[in-house]
Amino acid sequence: MSSIPAPVLELRDLTVQFASREGPLVAVAGVTLPVRPGECVGIVGESGAGKSQLLLAPFRLTASEAQVSGIAQLAGEDLLALDERALDRVRGAQVGFVFQDPMSSLTPHRTIGDQIIEVLEHHGRARGQAARERALALLHKVRIDEPVRRLGQYPHELSGGQRQRVLIAIAVACDPALLIADEPTTALDVTVQAEVLTLLAALRAERSLAIVLVSHDFGVVSRLADRIVVMYAGRVVEEGPAPAVIAAPRHPYTAALLDCIARMDDSPDAPLPPIPGQPPEPRALPAGCAFHPRCSRAQARCRSESPVLASDGQRAAACHFPLSI
Amino acid sequence: MSADREPPAPLLQVRGLAVHYRAHRGALHDISLELGKGGALGICGESGSGKSTLLRALLGLVPISHGEIHWYGRSMATFGGKEWRALRRIVQPVFQDPFASLDPRMRVGEILAEPLRVHRPELGSAARERQIAALLVRVGLTATVLPHYPHELSGGQCQRVCIARAMLLEPAVLVCDEPVSALDVSIQAQILAVLQTLHRESGTALIFVSHNLALVRRLCSQAIVLRGGAVVEAGPTREVLDNPQHQYTRELIAAVPVVPRRKRQG
């Protein structure tokens, strides 16, 4: 039996908190997440669940006041021990990032070509004419139309979908082992969204690129992810192989999220069951299970005792009364 | 005019509407549609399909190049000041970003009182407060939101405030432009339920613009699919979306990510 390859990204008991007048605000509370080479992990949850903080704080891409503790390793290197200079060599080289709004991720007054070349030169991958050729090859790779013309264009001359392809080209320019994509298709039209997801799947297959896909949309995640991690109020409440989690969720929160998606084959007369209430504020987390005020299965124990994430090796759920297996 | 001689005019009738801009994007070509009283019309399309231009044309916010828009059988081209004021009351918009649609310096109580002060000056403050309180209940809020500023509320709460404000003047139609796409999925279902209830119980017609076809399918009995400023397909929603005839409609439906239904186990 072959051994399991070492993770590209290893987060262990990661906590992200912010100081505030009312005491520390915990955005991420002790999350463990290994991402293996070539694997796609989808992180799902509502706004404020801590999804982005979990993935961005170890790379110091969140507010500077964030206090990060626990273990965060990229290819065995301790990210939390790196100074800003060392981290700058990691970001964009060993790990690429794609964000929701491609317009604000690009510099408006510089050409697409210059922005790709800058990354290659910054990380010492190529210079001058060689960098220009690499940039053109990257634009081909992300299947943008008219790549030669795009090199000389400015971000505002491109459509949203084309800009997102440029961002992906920049993110994979230095051949990273890991791509972190935070809501990469949320601002795009559905047909463009489908194309971008196809592109990410192709890049992943071609380069055994590991992808962490952060999204509030189960539909997007289910197209790409092997494994799904569901977060609620800064914690992982469920994780497991994507098809298994979607077909038979164990945590009532996962089930509720799946049930309130409108589908094209719905009976229009059956109302969508909404999840009552809203996610808790980090400064006012309920006692016990943070989901209990919105949970239809909650009992006395849920109101007092915080459930641990119990794993059977394949799947895990943090619930006192999980849905039957 | 008596009802037995002529059928009553529909709420909204658009015939051969064209809007031409100097920049091509966003223009409309030969759009025709109809919305009956209490009906629900879904408008599907992607960026640049002309959805926003169409909504603006219906509200009289862009000049029309060709064609006609009739509200209650009267052409907008003949509107005088009285008709425009009436239109501002009977057609109420709900936008995508609830925070951007509320004045950040006003408390919710002031935001909701303002339209009544302007359009129903005859109401005293007690009557105003009664109406506001009744509407808050219908959109699933309580009077506890009244002293708050928009930024102190969640996105879902803000969108409920926007819907309450739109409903205060008992409009004939709510024009909803992507009203849930900025909200979390769990909150989308809540807002959808509010809109559905108001539509059914008050008979308020809906124009619902969304890229989310499954939401259009749930909420609207009629649908049109826009592409490049033209209608590519129109008809009863179940026919348009369940049995699409046009290649573009099929592509649009195929692009929607499918989440398999979970196995029910209680």
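Whatever comes next refers back to the structure up there.
Residues numbered from 1 in each chain as written. Chains lettered and ligands numbered in written order. Predicted model: local features only at pLDDT ≥ 70, side-chain atom pairs only at ≥ 80, totals over all residues.

Engineer: Mind showing me how you'd approach the pairing of strand E1 (residues 12–19) of chain B here?
Structural biologist: Side chains on a regular strand alternate between the two faces of the sheet. All names here are of chain B. Of the pairings in the sheet, the one linking E1 to strand E4 (residues 66–71) comprises five bridges and is antiparallel in character. Residue pairing for E4: Val-14 is matched across the bridge by Ile-69. Two strands pair when backbone bridges link them, and E1 and strand E2 (residues 28–35) are joined in this way by five bridges, in the antiparallel orientation. Across the sheet, residue Gln-13 finds its bridge partner in E2, namely Glu-34. (Pairing = 2+ DSSP bridges. Helix = DSSP H or I, 4+ residues; strand = E, 2+ residues; numbered from the N terminus.)

Engineer: Even after reading the chapter, I still don't get the nonpolar core, so can you show me in this structure?
Structural biologist: Note on soluble globular proteins: their nonpolar side chains tend to be buried together. Within the largest apolar cluster, 172 residues are counted, with the highest numbers of intra-cluster contacts made by Ile116(A), Ala169(A), Ile211(A), Ala164(B), Leu206(B) and Ile207(B). Ignoring anything within four residues of it in the chain, the contact list for Leu206(B) reads Ala40(B), Val173(B), Leu174(B), Cys176(B), Leu195(B), His199(B), Leu219(B) and Cys220(B). (Core = buried A, V, L, I, M, F, W, Y, C linked by C-beta atoms within 7 Å. Buried ≥ 20, exposed ≤ 12 C-beta atoms within 10 Å, placed from the backbone. Contact = placed C-beta atoms within 7 Å.)

Engineer: It is not clear to me how the environment of Ala201(A) should be interpreted in this structure. Could you clarify?
Structural biologist: All names here are of chain A. Looking at the element boundaries, Ala-201 is found in helix H8 (residues 190–207). Classification of Ala-201 as partly exposed rests on a count of 14 C-beta atoms within 10 Å. Between the C-alpha atoms of Ala-201 and Glu-39, which are 162 residues apart in sequence, the distance is 11 Å.

Engineer: Sorry if this is basic, but what is going on with the sheet that holds strand E9 (residues 227–232) of chain A here?
Structural biologist: Either a parallel or an antiparallel arrangement is found when strands of a sheet pair, and the pairing is made through backbone hydrogen bonds. All names here are of chain A. Sheet architecture is open: eight strands sit in the order E6-E7-E8-E3-E9-E10-E12-E11, paired in mixed fashion. Only two strands of the sheet have a single partner each, and these edge strands are strand E6 (95–98) and strand E11 (310–311). Here four bridges tie E6 to strand E7 (residues 178–182), and the two strands are oriented parallel to one another. Within the sheet, the bridge partner assigned to Val-98 lies in E7 and is Ala-181. Against the sheet, helix H7 (residues 160–172) makes contact with E6 and E7, and its axis sits at roughly 165 degrees relative to E6, the strand it touches most. (Axes fitted to C-alpha atoms, helices over the stretch in contact; angles between N-to-C directions.)

Engineer: Explain the packing of helix H3 (residues 108–119) of chain B against helix H5 (residues 155–167) of chain B to me, please; I cannot follow it from the model alone.
Structural biologist: Geometry of a packed helix pair, given as the angle between the helix axes and the separation of the axes. Residues and elements named next belong to chain B. One can describe the packing of H3 onto H5 by two numbers: an axis separation of 8 Å at closest approach and a directional angle of 20 degrees. One way to sum up the angle between H3 and H5 is to call them roughly parallel. In this structure, H3 crosses over H5, and the sense of that crossing is right-handed. Residues Val-108, Ile-111, Leu-112 and Pro-115 of H3 lie in contact with H5, whose contacting residues are Val-161, Ala-164 and Arg-165. For the contact of H3 with H5, a count of residues per class yields six nonpolar, no polar and one charged. (Parallel < 35°, antiparallel > 145°, perpendicular 65-115°, else oblique. Left-handed = near helix turned anticlockwise from the far one by under 90°. Nonpolar A, V, L, I, M, F, W, Y, C, P; charged D, E, K, R; others polar.)

Engineer: Would you mind showing me how to read the interface of chain A and chain B here?
Structural biologist: Reports of interface size often rely on the accessible area that becomes lost once the parts have come together. Between chain A and chain B, the residue contacts involve 36 residues of the former and 33 residues of the latter. Where the side of chain A that touches chain B is concerned, the elements lending two or more residues are H8, helix H9 (218–224), helix H10 (242–247) and helix H11 (252–259) of chain A. If you tally residues by element for the side of chain A that touches chain B, the top one is H9(A), at five residues. Grouping the amino acids of the side of chain A that touches chain B by side-chain chemistry returns 22 nonpolar, nine polar and five charged.

Engineer: Please explain the sheet that holds strand E7 (residues 173–177) of chain B as it appears in this structure.
Structural biologist: Residue and element names in this part refer to chain B. The strand order across the open sheet formed by six strands is E6-E7-E8-E3-E9-E10, and the pairing between neighbours is mixed. For this open sheet the edge positions go to strand E6 (91–94) and strand E10 (230–236), each flanked by a neighbour on one side alone. Here the average twist between neighbouring strands, direction ignored, is 15 degrees. In terms of strand pairing, E7 meets strand E8 (residues 205–209) through five bridges, oriented parallel. From the neighbouring strand, Val-175 faces E8, where its bridge partner is Ile-207. In this fold H5 packs onto E6 and E7, with an angle of close to 175 degrees to the strand it touches most, E6. Each of strand E3 (40–44), strand E9 (222–227) and E10 is contacted by helix H9 (residues 247–255), which is oriented at about 100 degrees to E9, the strand it contacts most.

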